[in-house]
Amino acid sequence: MLSERRLEVLRAIVQDYVGTEEPVGSKALTERHNLKVSPATVRNDMAALEDEGYIAQPHTSAGRIPTDKGYRLFVDKLAGVKPLSSPERRAIQNFLEGAVDLDDVVGRTVRLLAQLTRQVAVVQYPSLTRSTVRHVELLGLAPARLMLVLITDTGRVEQRLIDCPAPIGETVLADLRARLNSRVVGERFTEVPSLVQDLPEAFDADDRGTIQTVLATLLETLVEETEERLMIGGTANLTRFGHDFPLTIRPVLEALEEQVVLLKLLGEAKDPGMTVRIGHENQHEGLSSTSVVSVGYGSGDEAVAKLGVVGPTRMDYPGTMGAVRAVARYVGQILAES
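Please read these numbers as outputs of a predicted model, since none were measured by experiment.

Cut-offs and rules
Position numbers for residues start from 1 in each chain and track the written sequence from start to end. With the structure being a predicted model, the display of local features is reserved for residues of pLDDT at least 70 and the display and counting of side-chain atom pairs for 80 or more, all residues being used for whole-chain, interface and lining totals. Only hydrogens and water are removed before side-chain values are computed, so all heavy atoms of the structure are retained for them. Between any two strands, at least two bridges found by DSSP are needed for them to pair. Only runs of H or I of at least four residues qualify as helices and only runs of E of at least two qualify as strands under DSSP, and these elements are numbered from the N terminus. Whenever a helix is involved, its axis is fitted only over the stretch in contact; in every case the axis is a line through C-alpha atoms, and angles between N-to-C directions fall within 0 to 180 degrees. Here, two residues are considered to be in contact whenever any of their heavy atoms come within 4.5 Å of each other. Think of it in three bands: residues with accessible area under 20% of the maximum for their type are buried, residues over 50% are exposed, and the middle band is partly exposed, with areas taken using a 1.4 Å probe on protein chains only. One fewer than the residue count of a helix, multiplied by 1.5 Å, yields its expected span. Polar contact is defined as a pair of N or O atoms within 3.5 Å, subject to the rule that within protein one atom must be able to donate a hydrogen and the other to accept it, and that residues adjacent in sequence are counted only when both atoms are side-chain atoms. Here, the term nonpolar core denotes a set of buried Ala, Val, Leu, Ile, Met, Phe, Trp, Tyr and Cys residues that are joined through side-chain atoms within 4.5 Å. Crossings are sorted by hand: turned counterclockwise from the far helix by less than a right angle, the near helix makes the crossing left-handed, and turned clockwise it makes it right-handed.

Trainee: What should I look at first to understand the sheet that holds strand E10 (residues 305–312) in this one?
Mentor: To summarise the sheet geometry, strands pair through backbone hydrogen bonds and adopt either a parallel or an antiparallel arrangement. Taken in spatial order, the 5 strands make up an open sheet running E7-E3-E10-E9-E8, and their pairing is antiparallel. Bordering the open sheet on either side are strand E7 (230–233) and strand E8 (275–278), each of which pairs with just one other strand. Neighbour-to-neighbour, the strand axes of the sheet open up by a mean angle of 15 degrees, direction not taken into account. Relative to strand E9 (residues 290–297), E8 runs antiparallel, the two sharing 4 bridges. Considered in E9, the bridge of threonine 275 is made with serine 294. On top of the sheet, helix H11 (residues 259–266) reaches strand E3 (120–124), E7, E8, E9 and E10; it is set at about 90 degrees to E7, its chief contact.

Trainee: Can you walk me through the side chain of aspartate 16 in this structure?
Mentor: Positionally, aspartate 16 belongs in helix H1 (residues 4–20). Looking at aspartate 16, the relative accessible area reads 7%, which means it is buried. With sequence-adjacent residues up to four places away left out, aspartate 16 is seen in contact with Glu21, Val24, Leu29, Arg32 and His33.

Trainee: I would appreciate a short explanation of the environment of methionine 147 in the present structure.
Mentor: Locating methionine 147 in the fold gives a position in strand E5 (residues 145–152). In the structure, methionine 147 is positioned 96 residues away from histidine 243 in sequence and 54 Å away in space, judged by C-alpha atoms. Contacts of methionine 147, omitting those with residues within four sequence positions, involve Glu137, Leu138, Leu139, Leu141, Gln159, Arg160 and Leu161.

Trainee: I'm lost on helix H12 (residues 317–337) in this one. Help?
Mentor: Its 21 residues place the ends of H12 30 Å apart at the C-alpha level, agreeing with the 30 Å of an ideal helix rising 1.5 Å per residue. Within H12, 16 of the 21 residues are buried, which leaves the element mostly enclosed by the surrounding structure. The backbone nitrogen of glycine 319 lies 3.1 Å from a side-chain oxygen of the residue at the head of H12, namely aspartate 316.

Trainee: Help me out: how do you make sense of the nonpolar core in this one?
Mentor: In a soluble, globular protein the nonpolar side chains are often hidden away together inside. If you look at the biggest cluster of nonpolar residues, it comprises 58 residues, and the most contacted ones within it are Leu29, Tyr297, Leu307 and Tyr317. Looking at this core, the element that brings in the most residues is H12, giving 11 residues. If we ignore the near neighbours within four places in the chain, the residues touching leucine 29 are Val9, Ala12, Ile13, Asp16, Val24, Leu35, Val42 and Met46. The next biggest cluster of nonpolar side chains, apart from the first, holds 24 residues, and it includes Ile162, Val184, Val196 and Leu215.

Trainee: Please clarify how the packing of helix H5 (residues 86–97) against H12 should be interpreted in this entry.
Mentor: How two helices sit against one another is set out by the angle between their axes and by the gap between those axes. The interhelical angle for the contact between H5 and H12, taken along N-to-C directions, is 40 degrees, at an axis separation of 10 Å. When you trace H5 past H12, the crossing you get is right-handed. Here H5 contributes Arg89, Ile92, Gln93, Leu96 and Glu97 to the contact with H12, which in turn contributes Ala326, Val327, Tyr330, Val331, Gln333 and Ile334.

Trainee: Would you explain the sheet that holds strand E6 (residues 157–163) in this entry?
Mentor: In space, the 3 strands of this open sheet follow the order E4-E5-E6, with antiparallel pairing throughout. One side of each edge strand has no neighbouring strand; the edge strands of this open sheet are strand E4 (133–142) and E6. For this sheet, the mean angle separating the axes of adjacent strands, direction not counted, is 20 degrees. Relative to E5, E4 is paired through 8 bridges, and the arrangement is antiparallel. Residue pairing across strands places glycine 140 opposite leucine 146, the latter belonging to E5. Packed on one face of the sheet, helix H7 (residues 170–184) meets E4 and E5 and runs near 165 degrees to E4.

This is the structure in structure tokens:
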């Protein structure tokens, strides 16, 4: 275990390096921070931190910079989450409240996160496997043609055209709509198939073919939509950090183009807590010089998806964690009210 004083020295090194982008020397540390010890003691502490792998010397004449291990200790032990100011919180709320539908909510969230943190923002659409049905609408377009509209509790809307094997009357359509909603509203997608399997039996034999066609389309929609979707924004922000990526920014950009990689980065939505992955903790080789801060969001107590940011390991962790957490909270509120 590091002594309190060495933890303070590490905290000062991280803060200075993140703020100045320059390797940090013992003289600068004693001048900038009230460490209450001599430069010689600070030098000894820095040598001990370097021996234990928390800081490193990038080149011979330079001061020291934090390693992945140093940033990890900083995040776990030393960094609080920096709360946003009241004007910042009001601005977030006003910006998100202007959204007209789920795509707009996700789009605005991406832009907001990228602007607040000046990093790359990634927002996962609410997962339909964790969603519930808010309403199913059936609209007659022609005697044997319907439109099915599925609305989820997270505001997602899916539409499908259905060509029926025979014309369907308005009375049967109204009956089907009512029975369908009475069974599936408020239920999870995964529960719906078992809840509707015997529904055709409630109708005349002549209408059962059409009822089965409608149910088949509904179930196909549920299955299709379990595929996860993402929106990403602020990639241009990475160009400001060119010197933070040891060789080139290209591997980072290539990794960010792969949806599977991004979903793994954000982590499981059912784990809603704040996650910070630093440097080599990211499994993908192209992202070993980045850090990822992510958190779950949802319209109730349960997370339905994740959002987060990707940036260099030389990141303002307290500020980034505060922004990500605040945005997730407001998105959850918007979904709950939608």
